[in-house]
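Examining the three-dimensional arrangement
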Amino acid sequence: MRNKKLNLNITSFNLDELLEEVKSIYSFNVKFSGVELLIDVGEGISSEIKTDRYRFMQILVNLIGNAFKFTFEGSITVKIRKVGE
């Protein structure tokens, strides 16, 4: 097996804008399932973050998508915290 590298594209971007995009992606699920999607950004988390935007979005979309598959009532909460909190 060949050694494959994961190439990251680290950039600064607005976290609030990305989270609004994520909410928009799941607006249909929220409307028709009755399951609420809550995103809780912890204190001290800057609205400008630096990471691979595409990969971060991909992780959130996959996690939330799986949560919708297995949640039939109530809510789904995504908590964003600094490591160690």
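Anything mentioned here points back to the structure above.
Presented here is an overview of the structure given in this document. The residue numbers shown here count from 1 along each chain, following its written sequence. Only residues with pLDDT of at least 70 get local features here, since the model is predicted, and only at 80 or more are side-chain atom pairs given and counted; chain-wide, interface and lining totals rely on the full set of residues. Hydrogens and water are ignored here; the side-chain numbers use all heavy atoms of the structure.

**What to know about the side chain of N14**
Where we set the bar: Strands are runs of DSSP state E lasting at least two residues, helices are runs of H or I lasting at least four, and both sets are numbered from the N terminus onward. Here a polar contact is taken to be a pair of N or O atoms separated by no more than 3.5 Å, where protein atoms must pair a possible hydrogen donor with a possible acceptor and residues adjacent in sequence count only if both atoms sit in side chains. Any two residues whose heavy atoms approach within 4.5 Å at even a single point are treated as in contact.
If you trace the backbone, N14 turns up in strand 1 (residues 10-14). Within the structure, the side chain of N14 is placed 2.9 Å from the backbone nitrogen of E17, a separation counted as a polar contact. What N14 contacts, discounting residues up to four positions off in sequence, is S47 and E48.

**Brief notes about the pattern of salt bridges**
Convention followed: A side-chain nitrogen of Lys or Arg and a carboxyl oxygen of Asp or Glu constitute a salt bridge if their distance falls within 4 Å.
Taken as a whole and assessed by the stated rule, the structure comprises 3 salt bridges. A salt bridge links R53 to E21; the shortest N-O distance between them is 2.3 Å. With R53 in helix 3 (residues 53-70) and E21 in helix 1 (residues 15-25), the pair connects residues that are 32 residues apart, well separated along the chain.

**Some details on the environment of T71**
Examined against the element boundaries, T71 turns out to sit in the loop between helix 3 and strand 4 (75-80). Residues T71 and V30, spaced 41 residues apart in sequence, show a C-alpha to C-alpha distance of 11 Å. Aside from chain neighbours lying at most four places away, what touches T71 is V35 and I76. Only 2.7 Å separates the side chain of T71 from the backbone oxygen of A67, close enough to count as a polar contact.

**Notes on helix 1**
An α-helix turns once per 3.6 residues; consequently, residues spaced three or four apart project the same way. As a reminder of what qualifies: For each residue, the accessible area found with a 1.4 Å probe, counting protein chains only, is set against the maximum for its type, and the residue is called buried under 20%, exposed over 50%, and partly exposed in between. An arc is given here, and it is the one of the directions from the helix axis to the C-beta atoms.
Within helix 1, burial applies to L15, L18, L19 and V22. Down the axis of helix 1, the smallest arc covering the buried residues is 100°, so these residues share one side. Buried residues along helix 1 sit in contact with strand 1, strand 2 (36-41), strand 3 (48-52), helix 3 and strand 4. The N-terminus of helix 1 is capped by N14, whose side-chain oxygen sits 2.9 Å from the backbone nitrogen of D16.

**Quick notes on the packing of aromatic side chains**
Filter applied, for reference: Two rings belonging to Phe, Tyr or Trp (six-membered ring only in the last case) form a pair when the distance between their centres is within 6.5 Å. Interplanar angles under 30 degrees mark stacking, angles over 60 mark edge-to-face geometry, and anything in between is tilted.
Under the criterion given, the structure shown has 3 aromatic pairs. Aromatic pair F13 and F56: ring centres 6.5 Å apart, planes at 45°, arrangement tilted. Placement of the pair is F13 in strand 1 and F56 in helix 3, with a sequence separation of 43 residues. Relative to F32, the ring of F28 has its centre 4.6 Å away and its plane inclined at 45°; by these criteria the two rings are tilted.

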